[in-house]
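# Survey of secondary and tertiary structure
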Amino acid sequence: MTAGTEIPFNPEVAAVLADRHIPKHVSMGRSVSQALTMAERGLLKIKHNPQQLFDVVILPIVFTVLFSSIFGGAIAGNVNAYLPLLIPGVLVQVAVAASVTTGVQLREDLDKGVFDRFKSLPIARISPLAGSLLADVVRYVVATGVTVLVGFAMGYRPGSIAGLLAGCLLVIVVAFALSWIFALMGVLMNKASTVQGVSMLILMPLTFVSNALVPVTTLPGWMQSFASVNPVSHLVSAVRELAVDGHFGPQIAWSLIGALVVLAIFAPLTLRVYMRKT
């Protein structure tokens, strides 16, 4: 075929190619399978770049050692007496902070055009987003695990090991639910630095104006009102109850209900915005 010669259009070939590369519908089973494949991609990124786990490894160590040294004597008289109050609070703080990275990394991938390349593949369009959020669950597991190990090394002994493990699982579930909020921010905002800055601006009052580090009664009056209804306070109280004696109280129910409400609102909203943007 000489240069400049046009290739005749063949509607049958075009239909086959279109049906092969751009499926009209992807079943639920295949969508789940593809999301898990994308999650595996996220895990491979962590394997080849372990520095992505730097924050969830270092923050628990720094928070536990720093806060116990600063507040231990003032709040409980000594560090050992303060650890049962501190460790559940740090568990919640580091897991919630880790969920911010979901939105930041999502924004970075969008800026690099990674999701544009995924659009050309015969996969469900939501699978890259779902896979990214699922892969970040590993970060929450690492964050909670390091926090518990550092606590044990410093002398923390929970009343119920099974209750503490259940508390860690509860924290991971809530962190996954919160990650949908930051994923939405990652889709809506134009820069990863903006996502991180706004996210931390939201998280700072939520995590520190709570019962995570100090009893609510030690806070000023107006802060006590906020801390008493703060979802972080409910989650920290639930983890403390579980760690002390494995008791499943109303705080656990409130934390799970809050996580379900967040998922019900932000998961469809994030998917809608994501589908429109990509």
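Just above sits the structure.
All values derive from a computational prediction rather than experimental measurement.

## Some thoughts on the layout of surface pockets
Within this model, the largest pocket holds a volume of roughly 380 Å³. Along its surface, the largest pocket is lined by 21 residues, and Val174, Leu178, Pro231, Val232 and Val262 are the ones closest to its centre. Those elements giving two or more residues to the lining of the largest pocket turn out to be helix H4 (79-112), helix H8 (161-188), helix H9 (192-208), helix H11 (231-245) and helix H12 (250-277). Of the residues belonging to the lining of the largest pocket, the class tally is 17 nonpolar, four polar and no charged.

## Some thoughts on the nonpolar core
Counting residues in hydrophobic clusters, the biggest one holds 50 residues, and the most contacted among them are Leu86, Leu91, Val92, Leu170 and Leu213. The set of elements that each furnish at least two residues to this core consists of helix H3 (54-76), H4, helix H7 (137-154), H8, H9, H11 and H12. Of all the elements, H4 adds the most residues to this core, at 13 residues. With sequence-adjacent residues up to four places away left out, Leu91 is seen in contact with Thr144, Thr147, Val148, Leu164, Cys168, Val171 and Val239. Membership of the second largest hydrophobic core comes to 16 residues, among which are Met38, Phe118, Val187 and Val273.

## Some details on H9
Here H9 contains 17 residues, and its C-alpha end-to-end distance of 24 Å stays within 8% of the 24 Å for a straight helix at 1.5 Å per residue. Residues of H9 that are buried: Ala192, Val195, Ser199, Leu203 and Thr207. Here the buried face of H9 lies against H4, H8 and H11.

## A few points about a nonpolar patch on the surface
Where nonpolar side chains cluster on the molecular surface, the patch consists of Phe54, Val57, Ile58, Ile61, Val62, Val65, Leu66 and Ile70 and spans about 620 Å² of accessible area. Within the element layout of this structure, Val57 appears in helix H3.

Rules used in this analysis
- Residues numbered from 1 in each chain as written.
- Predicted model: local features only at pLDDT ≥ 70, side-chain atom pairs only at ≥ 80, totals over all residues.
- Heavy atoms only, no water.
- 1 Å grid on protein atoms, 1.4 Å probe; cavity = no way out; pocket = protein on both sides within 12 Å on 5 of 7 lines; lining within 4 Å.
- Points joined across faces, edges and corners; volume = space filled by probe spheres on them.
- Helix = DSSP H or I, 4+ residues; strand = E, 2+ residues; numbered from the N terminus.
- Nonpolar A, V, L, I, M, F, W, Y, C, P; charged D, E, K, R; others polar.
- Core = buried A, V, L, I, M, F, W, Y, C linked by side-chain atoms within 4.5 Å.
- Buried < 20%, exposed > 50% of the residue type's maximum accessible area, 1.4 Å probe, protein only.
- Contact = heavy atoms within 4.5 Å.
- Expected span 1.5 Å × (residues − 1).
- Patch = residues over 30% accessible without salt bridge, like charges linked within 9 Å, V, L, I, M, F, W, Y side chains within 5 Å.
- Areas by Shrake-Rupley, 256 points an atom, 1.4 Å probe, with all protein chains shown as cover.
- Salt bridge = Lys/Arg side-chain N within 4 Å of Asp/Glu carboxyl O.

Keep in mind these numbers describe shape, not what the thing actually does.
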